[in-house]
Amino acid sequence: MSKEKMNKWGQTRRMGKAKYVMYYGVLLWGVSFTILTTAVEWMTQQSFTGSWLTIRLLVFSVLGFFIANFGWERKEKQWISSQPKPAKKQH
């Protein structure tokens, strides 16, 4: 992980895993894909179904939760492995 990415992740990780997953996974990923697929439905069929909107929101939010959770874990491992190792004490 580059120093720039390391610093950026250091700032991002301060929000905590729960807020990160809710913000990036549920809100950004879940809501964005719900809007995108609903817009495609509207453009292709000139209508949309409310129940499908609810189902999409639930499904994409759950998927976003898992995607953001795995993303957090991956970035956290990279961040930890890129931290300087403490010097070993010699006896």
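Quick note: structure is the one above.
This report concerns the structure included in the present document. (Residues numbered from 1 in each chain as written. Predicted model: local features only at pLDDT ≥ 70, side-chain atom pairs only at ≥ 80, totals over all residues. Heavy atoms only, no water.)

### Quick notes on the overall build of the protein
Turning to step 1, where the next piece is worked out: Tallying secondary structure elements over the protein gives 3 helices and 0 strands in all.
Turning to step 2, where the next piece is worked out: Going from the N terminus to the C terminus, the protein shows its helices and strands as α-α-α.
Turning to step 3, where the next piece is worked out: On C-alpha atoms alone, the protein measures out to a radius of gyration of 19 Å, which is more than a quarter above the 12 Å that the 2.2 N^0.38 rule sets for 91 residues.
Turning to step 4, where the next piece is worked out: Relative to its full complement of 91 residues, the protein shows a buried share of 24%.
Turning to step 5, where the next piece is worked out: Once local pairs closer than 6 in sequence are excluded, the contacts in the protein between residues at least 24 apart make up 71%.
Turning to step 6, where the next piece is worked out: Accessible area of the protein: about 7,200 Å², with a carbon and sulfur share of 66%.
Turning to step 7, where the next piece is worked out: In the protein, 14 side chains carry a positive charge and 4 a negative one; their mean positions are 10 Å apart. (Helix = DSSP H or I, 4+ residues; strand = E, 2+ residues; numbered from the N terminus. Rg over C-alpha atoms; globule rule 2.2 N^0.38 Å. Buried < 20%, exposed > 50% of the residue type's maximum accessible area, 1.4 Å probe, protein only. Contact = heavy atoms within 4.5 Å. Areas by Shrake-Rupley, 256 points an atom, 1.4 Å probe, with all protein chains shown as cover. Lys, Arg positive; Asp, Glu negative; His and termini not counted. Charge placed at Lys NZ, Arg CZ, Asp CG, Glu CD.)

### Focus: helix α1 (residues 3-12)
Turning to step 1, where the next piece is worked out: For α1, the full list of buried residues reads Met 6, Trp 9, Gly 10 and Thr 12. The arc that holds every buried residue of α1, seen down its axis, measures 160 degrees, which confines them to one face. Opposite its buried face, α1 presents the exposed residues Lys 3, Glu 4, Lys 8 and Gln 11, each directed more than 90 degrees away.
Turning to step 2, where the next piece is worked out: Where α1 is buried, its residues contact α2 (17-45) and α3 (50-81). (Arc of directions from axis to C-beta.)

### Thoughts on the pattern of salt bridges
Turning to step 1, where the next piece is worked out: This structure, assessed with the given rule, holds 3 salt bridges.
Turning to step 2, where the next piece is worked out: A salt bridge links Glu 76 to Arg 13, with the shortest nitrogen-to-oxygen separation between them at 2.3 Å. Here Glu 76 is found in helix α3, whereas its partner Arg 13 is found in the loop between α1 and α2, with 63 residues between them in sequence.
Turning to step 3, where the next piece is worked out: Taking the relative accessible area as the measure of exposure, Glu 76 reaches 12% and is therefore buried.
Turning to step 4, where the next piece is worked out: The class of Arg 13 is partly exposed, set by a relative accessible area of 27%. (Salt bridge = Lys/Arg side-chain N within 4 Å of Asp/Glu carboxyl O.)

### Topic: the packing of aromatic side chains
Turning to step 1, where the next piece is worked out: What the rule picks out here adds up to 9 aromatic pairs.
Turning to step 2, where the next piece is worked out: Ring geometry for Trp 9 and Trp 72: centres 5.0 Å apart, planes at 65 degrees, overall edge-to-face. Of the two residues, Trp 9 is situated in helix α1 and Trp 72 in helix α3; the sequence distance between them amounts to 63 residues.
Turning to step 3, where the next piece is worked out: The structure contains a cluster of three or more aromatic residues connected by ring pairs, namely Trp 9, Tyr 20, Tyr 23, Tyr 24 and Trp 72. (Phe/Tyr/Trp six-rings, centres within 6.5 Å; stacked < 30°, edge-to-face > 60°.)

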